[in-house]
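Report on the structure
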Amino acid sequence: MNSRCIENEMQPDYQQMNQGVDSCAVPCPPIYECPMTRVCERVIVHEVPHVMPINTKIVNRHVYRHTYTPVFSCEECDTCENVYESCPKNF
């Protein structure tokens, strides 16, 4: 709390005023002056909580790396031939 007062008041020095006045003088009724304003400035700090939601989003990236492995196959084909070299025709 910070407090600062500003006073627009001038305190009169009554002892100086009464130095030249006879002490047997007739008292006068009081004179009412205009009211003076005194300003007091105060600083009041208010704490205001703020809620800040933080959402976490997880992104999963699936990367498929395709690899190719060659698989060799082999086919075998058998052919047959009959060769008759020295055989007679009718045999």
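Residues numbered from 1 in each chain as written. Predicted model: local features only at pLDDT ≥ 70, side-chain atom pairs only at ≥ 80, totals over all residues. Heavy atoms only, no water.

**Quick word on the overall build of the chain**
- Of the regular secondary structure elements, the chain holds one helix and two strands.
- Ordered by position from the N terminus, the helices and strands of the chain form the series β-α-β.
- Residues classed as buried in the chain amount to 0% of the 91 residues present.
- Entry remark: accessible area of the chain is about 11,200 Å², with carbon and sulfur atoms responsible for 54%. (Helix = DSSP H or I, 4+ residues; strand = E, 2+ residues; numbered from the N terminus. Buried < 20%, exposed > 50% of the residue type's maximum accessible area, 1.4 Å probe, protein only. Areas by Shrake-Rupley, 256 points an atom, 1.4 Å probe, with all protein chains shown as cover.)

**With respect to the confidence of the model for the chain**
- On average, residues of the chain score 79 in pLDDT, and 68% of them are at 70 or above.
- Considering each helix and strand of the chain separately, the mean pLDDT is smallest for strand β1 (residues 2-7), with a value of 53, and largest for strand β2 (residues 38-43), with 92. (pLDDT = per-residue confidence, 0-100.)

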